[in-house]
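# Topology and contacts: notes
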Amino acid sequence: MKKWMKSLTAIMVAVSLVGGASSAAAAKSNLKGNIVINGSSALLPLTLQAASEFKKENPKVKISASAAGSITGPQSVRKGIADIGAVDWDASKDVPGFNKFDGLVAHPVAVTVFAAVANPNVGVNSLTTEQLQDIFSGKVTNWKQVGGSDAKIVVVNRKFGSGTRVNFQQKALGGKEFMNKGDNYKEVGSSGDMKTTIETTPNAIGYIDLPYVTSKMKALSINDVAPTEKNVLNGSYKVWGIGYYMTKGQPTGATKAFIEYIQSSKFQNGSLKKLKFIPLSAVK
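All values derive from a computational prediction rather than experimental measurement. (Residues numbered from 1 in each chain as written. Predicted model: local features only at pLDDT ≥ 70, side-chain atom pairs only at ≥ 80, totals over all residues. Heavy atoms only, no water.)

## Comments concerning the pairing of strand β8 (residues 204-209)
Rules: Any residue under 20% of the maximum accessible area for its type is buried, any over 50% is exposed, and the rest in between are partly exposed; the area is computed with a 1.4 Å probe on protein chains only. A run of H or I in DSSP counts as a helix once it spans at least four residues, and a run of E counts as a strand once it spans at least two, with each numbered from the N terminus. Two strands pair if DSSP finds at least two bridges between them.
Most of β8 sits out of view: six of its six residues are buried. Of the two faces of β8, the one lined by A204, G206 and I208 and the one lined by I205, Y207 and D209 are each fully buried. Sheet analysis places strand β4 (residues 104-118) next to β8, joined by five bridges and oriented antiparallel. Residue pairing for β8: A118 is matched across the bridge by I205. Note that strand β6 (residues 154-158) and β8 share two bridges and pair parallel. Paired with V155 across the bridge in β8 is I205.

Have a look at this one:
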């Protein structure tokens, strides 16, 4: 009797394992397709994480992502070399400095918080809007002029076409122009380049979105308000924007499914928040 019971138990376990394997296999989607994404480097951490998760559920979908700046996103979609253009503004509408891209559809994917960042040695933790305007225009050239160390300020800017630059200029600098030359001026092509330059350049100041902020730099408060999710949601911190995926017309197939995955509550309230983005539903 005991032997028979052991055999029955073994059979039930085996059936259970086979059934579990079948269920796991059934969970894998038969969705197929290739998705090419280009554009915003600010949104790249979000894109890469979502792609990794999406491909686990949809192993027959191939996703490639690159980031050469926001403006390259809609340009690539318009030229037909990308399915999705990642942009830090709604490129279906005119914004200061850029005309709208007719025929492209904007899909909001995340709220992005942008911060003024500096090398840790500068001796300053907060700057006013006017001080930021003076520094980035080249009017103020030494940290001691704004309460910091006696050292020449190195201004690090993003190249024209950057969505981070668009947001920072409009929302942190009130639309004031940047300086564009000088031995204390540097220009970089991506958020990753900005991160490295700020970390390794004494007396440097720049701007970046929160997913790229590390312990080797300091995120500066603006008018004594820190760049945090809490302060965005209570309305006291204004330097943030919505990131978009642009498509040529309404998306279909794998592209549509990928965008819907990023917009899903599961991703928005999970990995997206862990990456220091803010869910779309949190901001009215």
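## Notes on helix α3 (residues 72-79)
Three or four residues apart is the spacing at which side chains of an α-helix point the same way, because the helix has 3.6 residues per turn. Let me state the cut-off plainly: Residue contacts are counted whenever heavy atoms from the two residues lie within 4.5 Å of one another.
Turning to α3, its buried residues number three or more, namely T72, G73, P74, S76 and V77. The elements touched by buried residues of α3 are β1 (33-39), β3 (84-87), β4 and β11 (240-248). Looking one or two residues past α3, G80 carries a phi angle of roughly 85 degrees, positive in sign.

## Points about the nonpolar core
What counts, and what does not: Only buried residues count toward a nonpolar core, which is a set of Ala, Val, Leu, Ile, Met, Phe, Trp, Tyr and Cys residues joined through side-chain atoms within 4.5 Å.
Formed by 46 residues in total, the largest nonpolar core has its most connected members in L127, I135, F136, W143, F168 and I205. Those elements that place two or more of their residues in this core are β4, α4 (129-137), β6, β7 (185-188), α6 (191-200) and β8. When residues in this core are grouped by element, the largest group, seven residues, is from β4. Those residues within four positions of F136 in sequence are excluded, and the remaining contacts are V155, V156, F168, L173, E177, F178, M179, I205, G206 and Y207.

## Quick word on the environment of N167
If you trace the backbone, N167 turns up in helix α5 (residues 163-171). Assessed through its relative accessible area of 4%, N167 is described here as buried. Remark: the alpha-carbon pair of N167 and K152, spanning 15 residues in sequence, is separated by 26 Å. Among all residues touching N167, those that are not within four sequence positions of it are D88, F114, A172, W240 and G241.

## Observations regarding the packing of aromatic side chains
What counts is decided by this rule: Two rings from Phe, Tyr or Trp (for Trp, the six-membered ring) form a pair when their centres sit within 6.5 Å of each other. Planes less than 30 degrees apart are called stacked, planes more than 60 degrees apart edge-to-face, and all others tilted.
All told, the structure shown has 11 aromatic pairs when counted by the stated rule. Between F136 and F168, the ring centres sit 5.4 Å apart and the planes meet at 65 degrees, which makes this aromatic pair edge-to-face. A residue pair is termed long-range when its members are at least 10 positions apart, and F136 in helix α4 and F168 in helix α5 qualify at 32 residues. By relative accessible area, F136 is classed as buried at 0%. Exposure remark for F168: the relative accessible area of 0% places this residue in the buried category.

## A look at the pattern of salt bridges
Heads up, the rule is: Counted as salt bridges are all cases of a side-chain nitrogen of Lys or Arg within 4 Å of a carboxyl oxygen of Asp or Glu.
Under the defined criterion, the tally for this structure stands at seven salt bridges. Here D102 and K100 are joined by a salt bridge, their closest N and O atoms 3.9 Å apart. Among the residues examined, D102 registers a relative accessible area of 62% and is labelled exposed. The class of K100 is partly exposed, set by a relative accessible area of 41%. The salt bridge involving K144 is made with D150; its shortest N-O contact spans 3.9 Å. Here K144 and D150 have matching classes, each one exposed.

## Section: the pairing of β6
The buried count for β6 comes to five of five residues, which makes it a mostly enclosed element. Alternating residues of β6 divide into V154, V156 and R158 and V155 and N157, and every residue in both groups is buried. Taken together, the four bridges between β6 and β7 define a ladder with parallel strand orientation. Along β7, the bridge assignment pairs V155 with Y185.

## What about helix α2 (residues 44-57)?
What counts here: Helix span, expected: 1.5 Å multiplied by one less than the number of residues in the helix.
Taking 1.5 Å per residue, 14 residues should reach 20 Å; α2 reaches 20 Å between its end C-alpha atoms and fits that length. Buried within α2 are the following residues: P45, L46, T47, A50, A51, E53 and F54.

## Topic: the environment of V124
Mapped onto the fold, V124 is located in the loop between β4 and β5 (126-127). We classify V124 as buried; its relative accessible area is 3%. Residues V124 and S70, 54 residues apart in the sequence, show an inter-C-alpha distance of 30 Å. Sequence-distant contacts of V124, defined by excluding residues within four places in its chain, comprise W143, V146, G147, G148, K218 and L220.

## Let's talk about the side chain of N157
Counted only if it meets this: The term polar contact refers here to a pair of N or O atoms within 3.5 Å; inside protein, the definition further demands a hydrogen-donor-capable atom paired with an acceptor-capable atom, and it admits residues adjacent in sequence only when both atoms are side-chain atoms.
Position of N157 relative to the elements: it lies in strand β6. For N157, the side chain forms a polar contact with the side chain of Y185, separated by 3.1 Å.

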